[in-house]
Every structure is written in C-alpha cells, then in structure tokens.
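# Understanding the architecture of this molecule
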Amino acid sequence: MGKPSRVNQTTLSDFLLLGISERPEEQTLLFVIFLGMYLVTMMGNLLIILAITSDPHLHTPMYFFLANLSITDVCFTSASIPKMLINMHTQSQTISYSRCFAQLYFLLVFGGLDNLLLAVMAYDRYVAICQPLHYSTAMSPQLCALMLSICWVLTNCPALTHTLLLTRVAFCAHKAIPHFYCDPSALLKLACSDTRINELMIIIMGLMFLTAPLLLIVLSYVRISWAVFGISSPGGRWKAFSTCGSHLTVVLLFYGSLMGVYLLPPSTHSAERESRAAILYMVIIPMLNPFIYSLRNKDMNEALSKLFGSRKTISLP
C-alpha cells in the first residue's frame, strides 16, 4: 500500500526514513549502487590511512591531518549508509528513536570534524607556503596533536548538547523524515512542542562548523595567493599552488554541496534537492577524497606502491 499505511504500521517509538526513493522496484538497483560506493569509500580511505601510517616519509603534518580526514570520512559515511542499505534490502523504512538520535549525534560529530580538519589543513598550507622558516615549530607534532584534540572537543560538545536537547522534544504522530538519514531540521518539522532552543542550536552549530571554518579557509588562501603571486618564477608559483590543489578541490566540492542544502532561501528547498546534496557530501565526496589526494601525488603513489610490495607507481587501488 501507499505511505500512510506504512506510517500506521510503525510503533510510537519509531521514525520513518523515506529514503532516496519510495518505489519498491528501484530499491535493488539503489542498493547495489550505494553498496558499491560504500565499499569503494571504505577501501580507498583505509588504503590512504595504511599508506600514511606505514611510510615514515609521510609522517608530516599535512599527511597526519589527511589520515585523520580519511578516518573521519569512514566514520561519517558509516553513520548513515549502512542503515540506508539495510532499509533498502529489507524494504523497511523504520528507525527507532534511540538509533535515530545516535545516528544524528555521530553525523554531527564527524560532519563537524570534517569541516574543522579542512580548516586546519588550510592553515597547514598557509604556514608551509607563507612562513616556511617557522613551519617546523608552528606545526610541531605536539601542536598538531593539540589542534586535533581541540577539533574533537569542539565537535563533541555541541553535538552532544544538540542531541540531548532533541530528546526533550515531543513529536507528532506522523514521523516520516523525507531523507535517508536523521536530519535535524527535518526532525524539528515533526515536533509538536516548542523548538526555539533547538533551532538556536542549529544556528550556533552552523556558525561553528560551517561559517568559521570556511572563513579560516578563505583567509588562508587569500594569504597564500598573495605570497604565491609574489614569487617571480612561474615554475615556483606553480609548485607552490600544486601543493594546495587537492585540498582546494575537496573544499570546493564539500562546501559547495553544504551550501546547496543550508544556505539557499527556504522557498527553494525541496526534499529531493536536499537529498541529492546530502548524497554528494555524505557519500560521493568521501568516496572521491582518496582519488583526489593521491592523483599526481608522487609521495602518496610511492607509499601505496610500497604498501602493495610493487615498484610500479599507482594512483589508487
């Protein structure tokens, strides 16, 4: 039957994740596609982590944060995609209250951590290009570990607060979420109680995890551009910019998709458009990151070659 009957079959402690498509005939194809992308994401990011940890030449700040970005991408994708695959395979749309709020917490933590790590990586490139003589002290192992710890604290505390505040919200009988994951804004639309404090938390987290990191990234690249254009040699300018190309590509893809969800006027929002953008930054970009960071990266290619015990240079599995 149609959607209303499926809503009636859920218990009072369940939400409905409507997913990407409600057509039963499309579920098998979607399951195969997203399972393939999920496996590629896992394999690619795990290989990046193994290559960096096994090669002493890659034990530098840039690759330290890249390895942590890969770990974050694995966790970020795993917070939502396995549940989506299970729902597709079982033809079920339900998710319990506890699992929904747990999923929301992990998505907020690892989504925020993704943003902060991209900002820290931009700062790393700024120091390397604009202050090369101070790089070893400004990006020492102790300071890198401290920055990573701060990123974890800055993401965990607001994510936990936001999740706990949501558990106090009373939800109406109709609990269908028009996404494949527990989206906080979609959850608030199902509320039957006052949600002003929850909406304020969404704004605060948006400023912390979107606006502030993006501002730091933009400022870093403005300073990098000034420094690079001050180099008289075209070869020197290209060499300096080439160290930022992979990071800049990921930033443009990641923030472009996020802005497509959260910064467009409310009148232009639709569940279908938001789902497409969410697929881009939650599934496709984490899958592409290993390819982007290994493409034309001689050090990474050599590390991957050593990992497979081959002298042949490769760009990814």
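What counts and how
Residues numbered from 1 in each chain as written. Predicted model: local features only at pLDDT ≥ 70, side-chain atom pairs only at ≥ 80, totals over all residues. Heavy atoms only, no water. Helix = DSSP H or I, 4+ residues; strand = E, 2+ residues; numbered from the N terminus. Buried < 20%, exposed > 50% of the residue type's maximum accessible area, 1.4 Å probe, protein only. Phe/Tyr/Trp six-rings, centres within 6.5 Å; stacked < 30°, edge-to-face > 60°. UniProt positions renumbered as here; feature names shortened; annotations may be inferred. Salt bridge = Lys/Arg side-chain N within 4 Å of Asp/Glu carboxyl O.

Let us now look at the side chain of serine 305. Structurally, serine 305 can be placed in helix α13 (residues 298-307). What makes serine 305 buried here is its relative accessible area of 5%.

To continue, consider the packing of aromatic side chains. Scanning all chains against the criterion turns up 15 aromatic pairs. On the basis of an interplanar angle of 15 degrees and a centroid distance of 6.5 Å, the ring pair of phenylalanine 76 and tyrosine 281 is categorised as stacked. You can see phenylalanine 76 sitting in helix α3 (residues 61-78) and its partner tyrosine 281 sitting in helix α12 (residues 271-294), a full 205 residues away along the chain. In this pair, the class of phenylalanine 76 matches that of tyrosine 281, namely buried. Taken together, the ring pairs in this structure connect Phe15, Tyr97, Phe101 and Phe171 into an aromatic cluster.

Now for the UniProt feature "transmembrane region" (unreviewed entry) in the chain. What UniProt calls "transmembrane region" (unreviewed entry) maps, in this numbering, to residues 29-50, 62-81, 101-123, 135-155, 200-222, 243-265 and 277-295. Helix makes up 100% of residues 29-50 and strand 0%, whereas the separation of the span's terminal C-alpha atoms amounts to 32 Å. Secondary structure content for residues 200-222 is 100% helix and 0% strand, while the C-alpha to C-alpha distance between its ends is 31 Å.

For the structure shown, the criterion picks out three salt bridges. Where aspartate 194 meets arginine 196, a salt bridge forms, and the shortest distance between an N and an O atom there is 3.1 Å. The residues aspartate 194 and arginine 196 share a single accessibility class, namely exposed.

For glutamine 91, which is not a glycine, the phi torsion comes out positive at approximately 60 degrees. A residue is classified by how much of its surface remains accessible, and glutamine 91, at 45% relative accessible area, is partly exposed.

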